[in-house]
Amino acid sequence: MGLRDLKNVKEKLWSVGWFLPPYISSGFLDLVALQIDRGNGRFTQDDLEQMLANVYAPDRLASMVLNRYRDMPVITLFVETIAESVLAHFYGLHHIAVGGLIPVIEGAGRRLAAERGLNEGGHIKDVFRELASYAKEDVLKRRIGATDEIVNMLDSFLSFIEDYFYCKSQTYPLVDGTNRHGVEHGAYTDAQYGRPLNFYKTIAAIDFLTFISSLATAKMSGLVPDHTPESRALAARYVSLVNMSAAG
């Protein structure tokens, strides 16, 4: 994917409250951007939710839970919370799923900043600005991976954090309610959030911080880990939870 195309994709995703996440193929991101463009302003949060459901599927999340989150510095400190939130998602407990993940984003973000000698005690938006800036400089200096793609991903995530996730709950512009303040402070009622899309956007933020953590290790990768017998067994458990939830 060329840099010019990537910037276009970034803008399209931002327009629907999402960002360029790691561990997702560029082909899929191109497809989402194309659907947004073809929608000509009619691409909805329901449409985004339907597309992301194909990505954040049982096999993918099982591999991440067992073979990625637990292996990354800082993220490993929250792996039980992440795993429980994933379980809640597949059982249809979407309020609990997103409510469990939101504190992890702030906690992991501050700890990642502290490990890099940054000010972890300031306003959370400032923490993420400094963290993204540090990561960008590191990527450019060491020419890590597909440098342009990573830099655009960092910029994209920061826009998501500032314009959506950590904006004032009263000014959140979309109907899905994926907003830290609205959820964490109880400003949003049950009806204002608690859908799969909230989980998809929030777990994507967890994935981003996981990728940031990986930059300081020898295990840096933008791909989902390979499936293992253990992850396949966990994925099967997720599927059984979905079926149980559907059966009432």
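Our subject is the structure that appears above.
From a predicted model like this one, the values you see are computed outputs, not experimental measurements. Every residue gets a number counted from 1 within its own chain, in the order that chain's sequence is written. Predicted model: local features are reported for residues with pLDDT of at least 70 only, side-chain atom pairs are reported and counted for 80 or more only, and whole-chain, interface and lining totals are derived from all residues. Note that the side-chain values use all heavy atoms of the structure and ignore hydrogens as well as water.

Peer 1: Describe unusual backbone geometry, and please don't skip the residues or the numbers.
Peer 2: Positive phi values are uncommon outside glycine, yet Asn40 reaches one of about 50°. Looking at the element boundaries, Asn40 is found in the loop between helix 2 (26–39) and helix 3 (45–53). Using a 1.4 Å probe on the protein chains alone, a residue whose accessible area is under 20% of its type maximum counts as buried, one over 50% counts as exposed, and one in between counts as partly exposed. On the accessibility criterion, Asn40 (61% relative accessible area) is exposed. The phi torsion at Val74 lies on the positive side, around 75°, for a residue other than glycine. Numbering of helices and strands runs from the N terminus, with a helix taken as a DSSP run of H or I at least four residues long and a strand as a DSSP run of E at least two residues long.

Peer 1: Go over the packing of helix 7 (residues 124–142) against helix 8 (residues 147–165), please, and point to the residues and values.
Peer 2: At a closest axis distance of 10 Å, the pairing of helix 7 and helix 8 adopts a crossing angle of 175°. Between helix 7 and helix 8, the crossing angle belongs to the class labelled roughly antiparallel. Within the contact between the two elements, helix 7 uses Lys125, Phe128, Arg129, Ala132, Ala135, Lys136, Val139 and Leu140 and helix 8 uses Thr147, Ile150, Val151, Leu154, Asp155, Phe157, Leu158, Ile161 and Glu162. Only Asp, Glu, Lys and Arg are considered charged in this grouping, and only Ala, Val, Leu, Ile, Met, Phe, Trp, Tyr, Cys and Pro are considered nonpolar; every other residue, Gly among them, is considered polar. Along the lines of polarity and charge, the residues of the contact of helix 7 with helix 8 split into eleven nonpolar, one polar and five charged. All axes here are fitted lines through C-alpha atoms, helices being fitted over the stretch that makes contact, and every angle between N-to-C directions spans 0 to 180 degrees. In what follows, roughly perpendicular refers to angles from 65 to 115 degrees, roughly parallel to angles under 35, roughly antiparallel to angles over 145, and oblique to any angle outside these ranges. Contacts are residue-level and defined by heavy atoms, with any inter-residue pair within 4.5 Å sufficient.

Peer 1: Pulling in residues and values, what's your account of helix 7?
Peer 2: Given a helix with a known number of residues, its expected span is that number minus one, times 1.5 Å. Here helix 7 contains 19 residues, and its C-alpha end-to-end distance of 27 Å stays within 8% of the 27 Å for a straight helix at 1.5 Å per residue. Of all the residues in helix 7, the buried ones are Ile124, Lys125, Val127, Phe128, Leu131, Ala132, Ala135, Asp138 and Val139. Seen end-on, helix 7 carries its buried residues on one side only, within an arc spanning 155°. Facing away from the buried side of helix 7 by over 90 degrees, the exposed positions are Glu137 and Lys141. Those residues of helix 7 that are buried are in contact with helix 6 (94–115), helix 8 and helix 10 (196–214). Relevant arc is that of directions from the helix axis to the C-beta atoms, nothing else.

Peer 1: Give a description of the layout of surface pockets that names residues and reports values.
Peer 2: Within this model, the largest pocket holds a volume of roughly 390 Å³. Two kinds of site are reported from a 1 Å grid over the protein atoms alone, namely cavities, where a 1.4 Å probe fits but cannot get out, and pockets, open sets with protein on both sides within 12 Å along at least five of seven lines, and residues are called lining when an atom falls within 4 Å of a point. Around the largest pocket, the lining comprises 20 residues; the ones closest to its centre are Pro22, Ile24, Glu149, Met153 and Gly222. Counting residues per element, the ones that place at least two in the lining of the largest pocket are helix 2 and helix 8. Here the lining of the largest pocket gets three residues from one element, more than from any other, and that element is helix 8. Here the lining of the largest pocket is composed, by residue class, of 14 nonpolar, five polar and one charged. Grid points are joined across faces, edges and corners, and a volume is the space filled by probe spheres set on the points.

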